[in-house]
Amino acid sequence: MTAASLELVPPPRKGFFAALAPGGVKVLFALLAVGIAFLFAFPVLWLVLTSLRPPSGVYFVHRGTEFTFHNYAEALAQPNMLRAFFNSFAISTLATVLSLGVTVTSGYMLSRFRGPVPNAWFSVIYVLRCVPYISWVLPLFFVTRQMGIFDTYWGLLLPHVAVHICFFSWIMKGFFDGIDPSMEYAALIDGCTRWGAFFRVALPSAVPGLTALAILCWLYTWNEFLFALMLTSHKTPILTVVMAQFVHELGMEWHLMSATALMALVPALIVTVFGQKYVIRGLRV
Amino acid sequence: MAEVVLKGVGKCYGPVVAVRDFNLAIADQEFVALVGPSGCGKSTTLRMVAGLEEITSGVVAIGGRVVNDLPPKDRDIAMVFQNYALYQHMSVRDNLAFGLRNRKVPESEIAAQILRAAKMLGIEPLLERHPRQLSGGQQQRVALGRCLVRNPKVFLFDEPLSNLDAQLRSQMRLELKELRKRVPTTSIYVTHDQVEAMTLGERIVVMKDGLVQQVGSPLDLYRRPANRFVAGFIGSPAMNFIDARVAAAGDDVMIATEGLSLRLTDKVAATLRKHAGNAVVMGVRPQHVMLDGAGGGNLLRFQATLSTSEQLGDQQLLDARLGGTLLRVSGIDAALKLADGTMLTLAMAPENMHFFDAVSGAALG
Ligand SMILES: Nc1ncnc2c1ncn2[C@@H]1O[C@H](COP(=O)(O)OP(=O)(O)OP(=O)(O)O)[C@@H](O)[C@H]1O
Ligand SMILES: [Mg+2]
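Residues numbered from 1 in each chain as written. Chains lettered and ligands numbered in written order. Predicted model: local features only at pLDDT ≥ 70, side-chain atom pairs only at ≥ 80, totals over all residues. Heavy atoms only, no water.

K.L.:
Help me get a handle on the confidence of the model for chain B, residues and values and all.
P.N.:
Of all residues in chain B, 99% have pLDDT values of 70 or greater, and the mean over the chain is 92. Predicted complex, confidence summary: ipTM 0.87, pTM 0.84. (pLDDT = per-residue confidence, 0-100.)

Rendered as structure tokens:
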């Protein structure tokens, strides 16, 4: 048989999907995708509905037709709420900036240099990483008290930054491992110092990873509860802690909590979406 | 423009010795190729000249100045890397300008230099693109351009063509040669490809295990290899090596191995006489073995059985069995039909035979 006489027909389909009409596979997967999406969206949807119901309706979200925006106003009117928003935002942003400043250099050192200093540093952050998160809290409580920074910005900021450095230095090292060092060698020959090669060549190449890390870092601090609960009090209200106070001895104010949670989602979304878009676009032409 | 001198240069990574006692004086405007198998210390040597690697022992001087303690930026060199090492986040134009801007060259001058280099390399239309929008060959041209614009004292190349496909590689090889005529800067060119080294290098340094094996012009290395390693490394297909024994009987000096006994004539005999009774390695290039070598009275003839033949189109390669070894013969007429197992009469000229010490591998003579 010559090649020309070969008929080009798709091979017959076999198995489970063959029983479906043509195009049926697509429909099936579309349904599956919708189903999975719904599974993830459902809690958020429930949250939205709860936040729009009057207090009497929170346990009957699926029934009743009474909707209101009053919960949002009431949540915002809580003492400390606006300050909590501001504090959380400020601390998340500061923690991100400070910890990334350190992480970038420490990750670069771990990736590019060998010797006693990088080895010791590596060991330190490795050991600290192995300590369970929760066991940091009590010592930190006493330490911040001793230092007189309990319930201040510094009292929450420094522990956060320390944790981030331990966790993110490793990730940062991974980013730099993925960047070809000969680019920096070329920069050295082209007239840069070691620092110059780092700032002008290695760092710009790490920006996509760095952005992702910054967003991660910011969200982590924004959502963090344990440190905030233990290391702050009335002077420095933090959003997650204030939100938790809707659960108290008189009952649970789900409607207010939902409204606050949704409002807390907004800055997080803005940081994620715009942070990513802006930086990535700045990088690509 | 400058000469480069390496005197007793060595490099250790802890217990690992990468380069030992490297001595070489490179003249102004000379093009030296550094060649050797993987891991022999070529890149390490080059990087020591560049200042990217600390020098463990010895002295490196560029243009009469010892540069051991100078950072790379003060050595006035330019380097092309195997993987191009272009700045990914900058346009081609900024890549070229980077080194000049660091040296505070006025922008008008920079623009002129970029234009000159871009014209020379044919990359003018690419200037506004980013490196990731270029093909491998284009990226390598930009990397060359980055060196050209700087007008450095020395060019250093670390396997610049090895990431390109075979066709592009031979084309770029020619372009490099052309470029060289217009910009005759002192150059050190590292490669593991002996063809590249032979075609580009005015002088070749062959290295192995961190040690220089031989320094010489391409023809020197081909005709008078200093040892068995150089003999086998330079030339393609590689030289045949046959273990043999020298015997002296009266006036005659014989070289003998399984299935072969040759009487050597005057000049070769004289050099080998003092090794009588010793085991030696005889070397002959595939190109220098002839089939039925007609004429030429002083040709040494011997018999061998054809084991396999390889058709290359323009010529055939033969593998002939001679006792326990396979002897490769090249340059055989492609039209010739030879059945495997045929008894062949081969011939070679005494002056094309090389002899090496069986133990040390050093050339005898
Ligand atoms: N940072 C390092 N630490 C330890 N050993 C090293 C280091 N860099 C190189 N070496 C060793 O030094 C020797 C020479 O390496 P080099 O890179 O100079 O080889 P090369 O001739 O350039 O090989 P290739 O053709 O593969 O590039 C090798 O044996 C290598 O293992
Ligand atoms: Mg190398």
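Here the narrative resumes.
K.L.:
Provide a residue-level description of the nonpolar core, including the pertinent values.
P.N.:
Formed by 56 residues in total, the largest nonpolar core has its most connected members in Phe176(A), Phe22(B) and Leu156(B). If you tally residues by element for this core, the top one is helix H8 (residues 194-223) of chain A, at nine residues. Setting aside its immediate chain neighbours within four residues, Leu156(B) contacts Leu46(B), Val49(B), Ala50(B), Ile77(B), Ala78(B), Met79(B), Val80(B) and Ile188(B). Among the nonpolar cores identified, the runner-up in size contains 35 residues, and Leu126(B), Val142(B), Leu161(B) and Leu176(B) belong to it. (Core = buried A, V, L, I, M, F, W, Y, C linked by side-chain atoms within 4.5 Å. Buried < 20%, exposed > 50% of the residue type's maximum accessible area, 1.4 Å probe, protein only. Helix = DSSP H or I, 4+ residues; strand = E, 2+ residues; numbered from the N terminus. Contact = heavy atoms within 4.5 Å.)

K.L.:
I'd like a rundown of the sheet that holds strand S9 (residues 203-208) of chain B, residues and numbers included.
P.N.:
Residue and element names in this part refer to chain B. The sheet built from six strands is open, its strands ordered S6-S7-S8-S3-S9-S10 with mixed pairing. Two strands lie at the open edges of the sheet, namely strand S6 (77-80) and strand S10 (211-216), each paired on one side alone. Adjacent strand axes in the sheet meet at a mean angle of 15° when their direction is disregarded. Sheet topology note: the strand S3 (residues 31-35)/strand S8 (residues 186-191) ladder contains five bridges and is parallel. Bridge pairing in S8 links phenylalanine 31 to serine 187. (Pairing = 2+ DSSP bridges. Axes fitted to C-alpha atoms, helices over the stretch in contact; angles between N-to-C directions.)

K.L.:
Explain the packing of helix H7 (residues 182-189) of chain A against H8(A) to me, using residue names and the numbers behind them.
P.N.:
Residue and element names in this part refer to chain A. Remark: H7 packs on H8, axes separated minimally by 9 Å, with the N-to-C direction vectors making an angle of 140°. With respect to H8, the axis of H7 lies oblique. Here H7 and H8 pass one another in a crossing that is right-handed. Here Met183, Glu184, Ala187 and Leu188 of H7 lie close against H8, whose contacting residues are Arg194, Ala197, Val201, Ala202 and Ser205. (Parallel < 35°, antiparallel > 145°, perpendicular 65-115°, else oblique. Left-handed = near helix turned anticlockwise from the far one by under 90°.)

K.L.:
Give a detailed account of the packing of aromatic side chains, specifying residues and quantitative values.
P.N.:
Taken as a whole and judged by the stated rule, the model has 26 aromatic pairs over all chains. Centre to centre, the rings of Phe89(A) and Trp218(A) are 5.7 Å apart; their planes meet at 70°, and the pair counts as edge-to-face. Placement of Phe89(A) in helix H3 (residues 81-112) and of Trp218(A) in helix H8 is noted, with a sequence separation of 129 residues between them. What links up through ring pairs into an aromatic cluster is the set Tyr108(A), Phe113(A), Phe176(A), Trp195(A), Phe198(A) and Phe199(A). Directly above the ring of Phe67(A) sits Arg53(A), whose terminal nitrogen or CZ lies 5.5 Å from the centroid. Here Arg47(B) stacks its cationic end above the ring of Tyr185(A), 4.4 Å away from the centre of that ring. (Phe/Tyr/Trp six-rings, centres within 6.5 Å; stacked < 30°, edge-to-face > 60°. Lys NZ or Arg CZ within 6 Å of the ring centre and 35° of its normal.)

K.L.:
Help me get a handle on the site of ligand 1, residues and values and all.
P.N.:
Residues and elements named next belong to chain B. Around ligand 1 lies a shell formed by Tyr13, Ala18, Ser38, Gly39, Cys40, Gly41, Lys42, Ser43, Thr44 and Glu159. The contact in question runs from an oxygen atom of ligand 1 to an N or O atom on the side chain of serine 38, over 2.5 Å. For ligand 1, whose accessible area on its own is 640 Å², the fraction buried by protein is 59%. The element contributing the most residues to the shell around ligand 1 is helix H1 (residues 42-50), with three residues. Taken together, the residues of the shell around ligand 1 break down into three nonpolar, five polar and two charged. (Near = heavy atom within 4 Å. Polar contact = N/O pair within 3.5 Å; in protein donor to acceptor, adjacent residues only side chain to side chain. Areas by Shrake-Rupley, 256 points an atom, 1.4 Å probe, with all protein chains shown as cover. Nonpolar A, V, L, I, M, F, W, Y, C, P; charged D, E, K, R; others polar.)

K.L.:
Outline the domain arrangement of chain A, supporting the account with residue identities and numerical values.
P.N.:
All names here are of chain A. Parsing chain A into structural domains produces domain 1 (24-68) and domain 2 (72-283). Once you take the C-alpha centre of each, domain 1 and domain 2 turn out to be 32 Å apart. Facing nine residues of domain 1, the contacting portion of domain 2 comprises seven residues. Counting each side, the surface lost to burial between domain 1 and domain 2 is near 710 Å², with a carbon and sulfur contribution of 75%. (Domains from an automatic or database assignment. Buried area = accessible area lost by both parts, 1.4 Å probe.)

K.L.:
Describe unusual backbone geometry, with residues and values.
P.N.:
With omega at -5°, the peptide bond leading from Ser236(B) into Pro237(B) counts as cis. Counting through the fold element by element, Pro237(B) comes out in the loop between helix H8 (228-233) and strand S11 (240-249). Phi is positive for Asp151(A), close to 65°, though the residue is something other than glycine. Locating Asp151(A) in the fold gives a position in the loop between helix H5 (137-147) and helix H6 (153-177). Notably, Glu159(B) is not glycine yet its phi reads approximately 45°, a positive angle.

K.L.:
Describe H7(A), and please don't skip the residues or the numbers.
P.N.:
For H7(A), the tally of buried residues reaches seven of eight residues, placing the bulk of the element in the interior. For H7(A), the secondary structure elements touched by its buried residues are H3 and H8 of chain A together with H1, S6, helix H2 (92-102) and helix H4 (136-148) of chain B. The positive-phi residue at the C-terminal boundary of H7(A) is Gly191(A), with phi of around 105°.

K.L.:
Would you mind going over the interface of chain B and chain A in detail, with residue names and values included?
P.N.:
On the chain A side, the residues contacting the 24 residues of chain B number 19 residues. Here chain B and chain A share an interface that buries about 1,800 Å² over both sides, 60% of which is from carbon and sulfur atoms. When the area that chain B buries against chain A is broken down by residue, the three leading residues are Lys73(B), Tyr87(B) and His89(B), summing to 28%. For the interface between chain B and chain A, the tally reads one salt bridge. For the salt bridge of Arg150(B) with Asp190(A), the shortest nitrogen-to-oxygen distance reads 2.9 Å. Where chain B meets chain A, there are twelve residue pairs in polar contact (both at pLDDT 80 or more). Secondary structure elements with two or more residues in the side of chain B that touches chain A: H1, S6 and H2 of chain B. (Salt bridge = Lys/Arg side-chain N within 4 Å of Asp/Glu carboxyl O.)

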